[in-house]
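Per-entry structural report
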Amino acid sequence: MEDRVPAALLEWYDGHARAFPWRIAPGSAERPDPYRVWLSEVMLQQTTTAHAAPYFEKFAARWPTVKALADAPEEAVMAEWAGLGYYSRARNLIACAKAVAERGGFPETEEGLRQLPGLGAYTAAAVAAIAFGEAATVVDANVERVVARLFLIDEPLPGARKAIRAAAEDITPRERPGDFAQAMMDLGATICTTRAPKCLLCPLSAPCLARAQGRQSDLPVKARKKERTGRTGTAFWIERNGQVWLVRRPSKGMLGGMRALPDDGWSSRKDGSENAPIPGAWKAGGVVRHGFTHFDLELGLAIYAGEKFGALGEGEWWPIARIEEAGLPTLFAKAALLAMAVE
DNA sequence: TACCCGTGGTT
DNA sequence: TAACCAAGGGT
């Protein structure tokens, strides 16, 4: 099993590898640019390849090197990330780029990479294997699924993680570890899928223990998720002379560090206060519904257009005609569209 | 450990 | 349509 699996998988990968802008051909003697590997891996955390790909193209074109990214204005990087989600990734991306530029390049080992901000067990192993050829064991959700089925590990996640990692280590080859990691992920994404796995096309169907018992679709077993809650809040569209008032959210917490409309302090833990930032003749602008990972938000929109205002605090007037360039996260982009439709 | 942190596609 | 989930990391 330990020798047969990587050989069969790599042979399959040579003919079936997906093409991505951050990838080079399987079996290539060249190694991919560590910067591009790192950038893609961070973008791909909990994110589909289809969603991440255009962001990767934009970032790689605008900031072709880690030095260029490190020297970029932080606001520009955050705005370019808008819509991709999990904004702590962008904050860590900036911190990591600065650290790497400062030390003159990426660390070339899994252990060294693991020390960088935004690189956890998965990403450090992935960059080490793909960019530097280290035989690091890469475990993401795809690998967990493939390994749980291949070795019939039926203990529920997350408890099964230790056993899954141990099994994954046993089949990680010394040769082509980067291709092996990407092959495991391609297999999980295209053949060994969550629902309706295509076992007839699978290069690992022969050694697969779950397949032998017809239990492949039941693995891996997952613990039930916590129930989602509902929250309400209000966002405020303050308009003057074709401009709208935008603020920057605190760096920690929801949508941290992103440009936004002022709001009433809603969060995943509590509803908003409904208190407006300034007194005025507020007009109801409708409601935006937006689903976050663990709660649903019903965001009321209040609109006020005028000439004179009281003190608004920290923020900036932004031309409404160029609102798309503000880099608003999706929730506030929706609210802005609604406000502009109401006007 | 359990929870927080986005988004958009699929069933 | 409500639920699930995708190349996870930080705390």
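Above this text you will find the structure in question.
The rules behind these values
- Residues numbered from 1 in each chain as written.
- Chains lettered and ligands numbered in written order.
- Predicted model: local features only at pLDDT ≥ 70, side-chain atom pairs only at ≥ 80, totals over all residues.
- Heavy atoms only, no water.
- Phe/Tyr/Trp six-rings, centres within 6.5 Å; stacked < 30°, edge-to-face > 60°.
- Helix = DSSP H or I, 4+ residues; strand = E, 2+ residues; numbered from the N terminus.
- Buried < 20%, exposed > 50% of the residue type's maximum accessible area, 1.4 Å probe, protein only.
- Core = buried A, V, L, I, M, F, W, Y, C linked by side-chain atoms within 4.5 Å.
- Domains from an automatic or database assignment.
- Contact = heavy atoms within 4.5 Å.
- Near = heavy atom within 4 Å.
- Polar contact = N/O pair within 3.5 Å; in protein donor to acceptor, adjacent residues only side chain to side chain.
- Nonpolar A, V, L, I, M, F, W, Y, C, P; charged D, E, K, R; others polar.

Moving on to the packing of aromatic side chains. Within the structure shown, the criterion is met by 12 aromatic pairs. Ring centres 5.9 Å apart and planes at 40 degrees place the aromatic pair Tyr35 and Trp38 in the tilted group. Taken together, the residues Tyr35 and Trp38, both in helix α2 (residues 34-43) and 3 residues apart, mark about one turn of the helix. The exposure class assigned to Trp38 is buried, which follows from its relative accessible area of 1%. Their ring planes at 65 degrees and their centres at 5.2 Å tell us that Phe59 and Trp63 sit as a pair that is edge-to-face. Of the two residues examined, Phe59 and Trp63, each falls in the buried class.

With 116 residues, the main nonpolar core has Trp38, Val147 and Phe332 as its most contacted residues. Looking at this core, you find at least three residues from each of domain 1 (4-218) and domain 2 (229-342).

Turning next to helix α5 (residues 74-81). Ala76, Val77, Met78, Glu80 and Trp81 are the residues of α5 that are buried. Contacts made by the buried residues of α5 are with α2, α3 (49-62), α4 (66-71) and α6 (88-103). Two residues or fewer after α5 comes Gly83, characterised by a positive phi angle close to 100 degrees.

Taken together, 23 residues lie near DNA strand C, and Leu44, Gly118, Thr123, Asn142 and Thr194 sit nearest. Expressed as a percentage, the sugar and phosphate content of the atoms of DNA strand C within 4 Å of the protein is 63%. A distance of 3.4 Å separates a base nitrogen of DNA strand C from a polar atom in the side chain of Glu41. The set of elements that each furnish at least two residues to the surface near DNA strand C consists of α8 (121-132), α9 (141-150) and α11 (177-190). In the surface near DNA strand C, the residues fall into 9 nonpolar, 8 polar and 6 charged.

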